[in-house]
Amino acid sequence: NVKWMYYITPSMSSAIFRNKEMSQGMSPNFSLLQIRSSNGMTYSAGFGLRAGTQISRRLSKKWDIITGLDLGYSSYNIVSNLVHPTFTTLLFKDANGVDYSKRYITHFGNGMTQNKMDLLNYSLQASIPLGVQYHIWQDKKTQVNLLSAIDLSTVLKSNAYMISSDGKYYVKDPSLTRPVNMGLNFNPNIVFSGGKVKWHLGPSVRYQLL
């Protein structure tokens, strides 16, 4: 009644910028492109990888409970240029919606000059999923499943550059990264059995709650 699955999934990771607010995304279509956003940023996709183990226990003919351990790495590059040390500002809102600012010293400008360089943004996270899997249909060699889980995750290591509020520079502030998070994972998939290896095909949608 207990099954172990080990997996590794390569990917290309990118980002989506709207009004200077960033959210991580997954898009193979960005793998060979450099994208220029509305605030003048130029960025490109980077290599990503997920690996781990999943443990499932059969509850009934149709239902499994699942848990395990998942390691995920995602990255993307921002095109920047070296500048003389200068002051710049990030603007924030506190829990009450009141604006405030923080000042930084930076060496990285938002532009393409002879001093051009790539700033690597990456995140290495570990998570423990807890959820259920529903077997929609199956025969001897094929299964159609629907998996939904809550992920408890922690950031093991990360590097994130943020654009300044005037759009001219990039700054880094590790204190702005939330070390512990909670997310939702939704994964419909088709499983094909071939000897000792099972191939899983299907989209995986992950959303961080905090």
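Just above, that's the structure.
Read on for an overview of the structure. Computed from a predicted model, the values in this text were never measured in an experiment. (Residues numbered from 1 in each chain as written. Predicted model: local features only at pLDDT ≥ 70, side-chain atom pairs only at ≥ 80, totals over all residues. Heavy atoms only, no water.)

1. A look at the nonpolar core
If you look at soluble globular proteins, the nonpolar side chains tend to sit buried side by side.
Move 1: Of all hydrophobic cores here, the largest spans 10 residues; its members are Ala-15, Met-41, Tyr-43, Tyr-76, Ile-78, Phe-108, Leu-119, Tyr-161, Ile-163 and Tyr-170.
Move 2: Those elements giving two or more residues to this core turn out to be β5 (63-93) and β9 (161-163).
Move 3: Here Tyr-170 is in contact with Met-41, Ile-78, Val-79, Ser-80, Thr-106, Phe-108, Gly-109, Asn-110, Leu-119, Tyr-161, Met-162 and Ile-163, once residues within four sequence places are set aside. (Core = buried A, V, L, I, M, F, W, Y, C linked by side-chain atoms within 4.5 Å. Buried < 20%, exposed > 50% of the residue type's maximum accessible area, 1.4 Å probe, protein only. Helix = DSSP H or I, 4+ residues; strand = E, 2+ residues; numbered from the N terminus. Contact = heavy atoms within 4.5 Å.)

2. Some words on a nonpolar patch on the surface
Move 1: A cluster of nonpolar residues, Ile-150, Leu-152, Met-182, Leu-184, Tyr-207, Leu-209 and Leu-210, forms a patch on the protein surface that exposes about 680 Å² of accessible area.
Move 2: Every element with two or more residues in the nonpolar patch is listed here: β8 (142-159) and β11 (180-194).
Move 3: When you line up the elements, Tyr-207 lands in strand β13 (residues 205-208).
Move 4: Exposure remark for Tyr-207: the relative accessible area of 56% places this residue in the exposed category. (Patch = residues over 30% accessible without salt bridge, like charges linked within 9 Å, V, L, I, M, F, W, Y side chains within 5 Å. Areas by Shrake-Rupley, 256 points an atom, 1.4 Å probe, with all protein chains shown as cover. Salt bridge = Lys/Arg side-chain N within 4 Å of Asp/Glu carboxyl O.)

3. Topic: the pattern of salt bridges
Move 1: Applying the stated criterion to the full structure yields 5 salt bridges.
Move 2: The partner of Arg-58 in a salt bridge is Asp-64, and the shortest N-O contact between them spans 2.6 Å.
Move 3: Here Asp-151 makes a salt bridge to Arg-206, at a shortest N to O gap of 3.3 Å. Separated by 55 residues along the polypeptide, Asp-151 in strand β8 and Arg-206 in strand β13 bring together distant segments of the chain.
Move 4: Note on Asp-151: relative accessible area 7%, which makes it buried.

4. Structural notes on the packing of aromatic side chains
Move 1: A full pass over the atoms with the stated rule returns 4 aromatic pairs.
Move 2: Their ring planes at 25° and their centres at 5.5 Å tell us that Phe-92 and Tyr-100 sit as a pair that is stacked.
Move 3: Judged by relative accessible area, which is 40%, Tyr-100 ranks as partly exposed. (Phe/Tyr/Trp six-rings, centres within 6.5 Å; stacked < 30°, edge-to-face > 60°.)

5. Some thoughts on the pairing of β5
Move 1: Here strand β4 (residues 42-58) pairs with β5 via 13 bridges, running antiparallel. Along β5, the bridge assignment pairs Gly-52 with Asp-70.
Move 2: Connecting the antiparallel pair β4 and β5 is a turn made up of 4 residues.
Move 3: Here 17 bridges tie β5 to strand β7 (residues 116-138), and the two strands are oriented antiparallel to one another. Residue pairing in the sheet places Asp-70 in a bridge with Ser-127 of β7.
Move 4: With 10 bridges connecting them, β5 and strand β6 (residues 99-109) associate as antiparallel partners. Following the sheet pairing, Thr-88 is matched in β6 by Tyr-104.
Move 5: The antiparallel hairpin formed by β5 and β6 contains 5 residues in its connecting segment, where Gly-97 sits at a positive phi of about 80°. (Pairing = 2+ DSSP bridges.)

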